[in-house]
Every structure is written in structure tokens, then in C-alpha cells.
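Here are the chains, one letter per residue:
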Amino acid sequence: MSLRITCPTCGPRSAEEWIHGEMFDVPDSITDTDEWDVDRGFFHNNPEGLVQEAWFHLYGCRRWVVITRDTRTDEILS
Amino acid sequence: MNEFWEAKVALQWGTLKPSYDVVIIGGGGHGLATAYNLALRHGITNVAVLERSYIGGGNSGRNTTVIRSNYGKPEPVRFYQRSLELYRDLEAETERWMMHDERGLWWITHTEAGRRTEIARAEINRAFGADTRFAEPEEIEREIPGINMNPAGEFPVLGGSFHAGGATARHDRVVWALAEGAMRAGVDIIQGVEVTGLKVENNQIVGVETTQGSIATETVVSAVGGHATSVADMAGVRLPIRTHPLQAFVTNHYEGTFDAIVASIDLGFYVSQTARGEMLGGAHIDPQPSYSRRSDHHFISSIAKRITALFPFMGDLRVLRQWTGSCDMSPDYSPVMGRTPVDGFLITTGWGTWGFKAIPAGGEAMAELVATGTTPELIAPFSLDRFAKDRALADRGSSGTH
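Rules and cut-offs
Residues numbered from 1 in each chain as written. Chains lettered and ligands numbered in written order. Predicted model: local features only at pLDDT ≥ 70, side-chain atom pairs only at ≥ 80, totals over all residues. Domains from an automatic or database assignment. Contact = placed C-beta atoms within 7 Å. Nonpolar A, V, L, I, M, F, W, Y, C, P; charged D, E, K, R; others polar. Axes fitted to C-alpha atoms, helices over the stretch in contact; angles between N-to-C directions. Helix = DSSP H or I, 4+ residues; strand = E, 2+ residues; numbered from the N terminus. Parallel < 35°, antiparallel > 145°, perpendicular 65-115°, else oblique. Left-handed = near helix turned anticlockwise from the far one by under 90°.

A word on the domain arrangement of chain B
All names here are of chain B.
Phase 1 of the analysis: Under the domain assignment used here, chain B contains domain 1 (11-62 + 171-241 + 332-398) and domain 2 (105-164 + 242-328).
Phase 2 of the analysis: Between the C-alpha centres of domain 1 and domain 2 there is a distance of 30 Å.
Phase 3 of the analysis: Every contact between the two is made by twelve residues of domain 1 and, on the other side, eleven residues of domain 2.
Phase 4 of the analysis: Each residue belonging to the side of domain 1 that touches domain 2 can be placed in one class, and the counts come to three nonpolar, eight polar and one charged.

Details of the packing of helix α2 (residues 29-42) of chain B against helix α9 (residues 359-372) of chain B
Residues and elements named next belong to chain B.
Phase 1 of the analysis: Relative to each other, α2 and α9 sit at 55°, their axes nearing to 7 Å. Overall, the two elements α2 and α9 adopt an arrangement that is oblique. Of the two possible hands of crossing, α2 and α9 adopt the one that is right-handed. Only I359, P360, G362, G363, E364, M366, A367, V370 and A371 of α9 make contact with α2, whose side of the interface consists of G29, H30, A33, T34, Y36, N37, L38, R41 and H42.
Phase 2 of the analysis: Here the residues of the contact of α2 with α9 are counted per class, giving nine nonpolar, seven polar and two charged.

Structural notes on the interface of chain B and chain A
Phase 1 of the analysis: Contacts between chain B and chain A engage 22 residues on the former and 15 residues on the latter.
Phase 2 of the analysis: Mapped by element, the contributors of at least two residues to the side of chain B that touches chain A are α7 (228-234) and β14 (242-253) of chain B.
Phase 3 of the analysis: Per-element accounting of the side of chain B that touches chain A gives the leading share, three residues, to β14 of chain B.
Phase 4 of the analysis: Each residue belonging to the side of chain B that touches chain A can be placed in one class, and the counts come to ten nonpolar, seven polar and five charged.

Here is the structure:
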């Protein structure tokens, strides 16, 4: 893993201090409410490439940070 | 695979034809076992197995080769027990030695709650055909060599379950034996060909686009590991899968004998000794979804701390190799097998951290589904539509590494 996430208050901190947050991604094409619930609960986009996600700085300042990460290389872009 | 092994195992690589009855995407254990069973049990040999890299080079070559059936729910116990029994006969059937070694698996626990879980596990295992019993701390101390019964002063060993059927086998020999058997029967196994698209007309699979041209077929089995969602996307099928990295390591040669497979649920790791004498260990998946296969220092330092607490002798060993695989994690920690909303597009995925042990039974069941058109009872509970039907098979506690 070896991720280092930059926290606005604490600076660059290793991923062990953070909790990975879910970013739910139900596609707009799903309009049926039951289907929406199933997708929201179980299904994922799982993209190979850029993904936006939230991390919670649990063992630090306890704030949420949203980052853009490349899932092919684990490089953090912003 | 090098020339030495190509000569030892009679591999006849196929060349791509313009059409097939069945196209299997992914030349790992599950894809090859499906082809093997299609050819040998059902006589369907007009089959292609497409592998992007080399056979057994994905997760079939990156796992820790444990075979067990000590799950926590009836459906998985039945399924993995079938697989465990098929593994017993696989060497005789393929006439290839796979270093299959049934030596028993210990799941030890350090909490009162874990003790209750293991008592329940032993009961449910016995009820559905798996050979598991509860073991008291005295027996664990006697049977597991070099164990520290009170690691770090905080995690006293309070008991565990002993799964007599627990075994290991050599991963690449399993893959090659299945490939060889399928090739002999006439299946085309092609390496270095990547699937770039799936053609769907009127909700029916009609063809596969590859880097070596297009193939016409009405049945596609996706046995892809790691990139299962990307391949399913090509057919417009959305999967409940996320890809997470999982790391493992081996140490240098340990001179003693460690004739057991041990997992500590509360300390979160498992360890066994390979045929070469190396100590092999693994732990939990990385928290973030990722396709990166980079290994890191944090994993090795954290697992070393926990392993040496339970097995102080491992403190004298050195880490020799470390590697990472891509795990397809389903939300309920059970595999996803069978039909999809697109006709002719079948999947066997969600193999997360439990794929190697399921190779023979997974291949047998998928082949039966392709040949007969009906989903075998053994894998019916693992269907893709179980999530919408509120029939999820939550069994995270049995993945061994969480």
C-alpha cells in the first residue's frame, strides 16, 4: 500500500492513520428505487484509473479529506 | 513457464480459430478447471481459454495455497468440502504430482467471543460434512510446535478449532496439470491474447474481440481474476466486486519442522511451511480498492510483529520474498458464480482470498452449467442475483484473514 495522504492540518501522513471512506456511485441510469437500494448496498464501479474518494484522519485531526487517486498505480493526484 | 517445465508437462499451445462453442476468459485455476471439466466430463472440446499474460500468472500464482472447508454457513461448507474431496483425487486423475499434503489446519483464538465462534464452527462443519473439532488450549500447546501461549502478554490462546481436512498443494502444478489435461482433450489454450471487447446482440453474447482478432461464440465464461469488473463492463454487466491488494511473504529456510497450518483470527495472520522449508505467511487485504501490485514495508513490519509474538522462533528468520495479488472482494465475502443478465455470459468471480481451494469444485460446477444449461445445486446459492433477493451469504469471519 505505502500510501501517504496529505492532510491539510497535519501534513503528509501514512495510510495507517487513516480510514478509507466509501464514496457511493449508483449510476444515473438506475431509476427504480428498489434497484437503487440494491446497487447502493452491494454494487461498485471499481474503475481502473482515477477515482475520487474520502479518507478520515482517525489517528490525527479526525477530519475528512477528499483525494483523487489512480487505482492502477496508487498515485495520489490531488 | 520455462522450457524445463514445458518439456516435463506436455503442453500443446493452441492457435486462435474464428469461432468456438465456448470461450473462457482467464487462464488461471478456475478458467482451466472449467475447460478441463468441459472437455473430460462433458465432451465439449471446441473451447478456447484466452490468457492475457501466461497461465497461472495472476492470482493462481500469488495465493498461499491453503485448501480448507471450515466455513461458517451450510452452503459454503458443502461447496468447499466438495472441492477439498476433489483435490484429494486430482493427482491420481491427472497423473501429476501436486505436492498435495493434508496436514490439518488450526484456527486459534485469543478471546472468549472467538472461542464461542470456533465451537459453533466445529458444529456446523460436522453437520455439513467437514472434519472440524474444537480444541482446548492444552491440546494446542502440545500439538503446535514453538507456539507462545500468551503472546505479548495480552493475547492468551483460549482455544481454537482443528480442521483435519486442511491441506496445501503446489499452485503452479495444479494449473499446469489442468492445462495439460484440457490441451490433450483438444482445448485451445492461448497465451498473450487480451480481450478488448464483448459483442452483445439482443441481450445475447455473440462474440469476443481480442488483440488477435474477433471470435464468434455464444457462450463466454469470465474466469478473470483482479479485472473481473472491467471484463463484465464490456458486456454491460455490473458486478458487486471491488479489487483490493493482498500481500504475502516467505522467509528463508526454517530448519525445524512445522507440520501444521495455523491461523490466528484475532492477531490476523496465517502461517504454514512450504515444501522447501520456507515459512509462508499472509494477512488481511489492503483497505483501499486498487489494482496496484506493489508490496510495501508497512505490511511486513506489522505482520512480523504479530507473527513473532505467537511464534518467537520466527524472529530468527529473514524475509526472502514478498508479493501482492489482486483480490476480487464481494460485499458478503462469498464468491459469485453462474449466469448474468446477459444470456451466454457466465461469470465465476468474487474469489477474494479463497479462490485456490475452490478450483476443482468451481471448475466442475461451471462446466456443468455450460454443458447442461442448468445451475448445479451446489453453486446456486452463489448466484449474482442473491443480492437483489436478500440472500447474501455473509461469511467474512471464515475468510481467515480478517
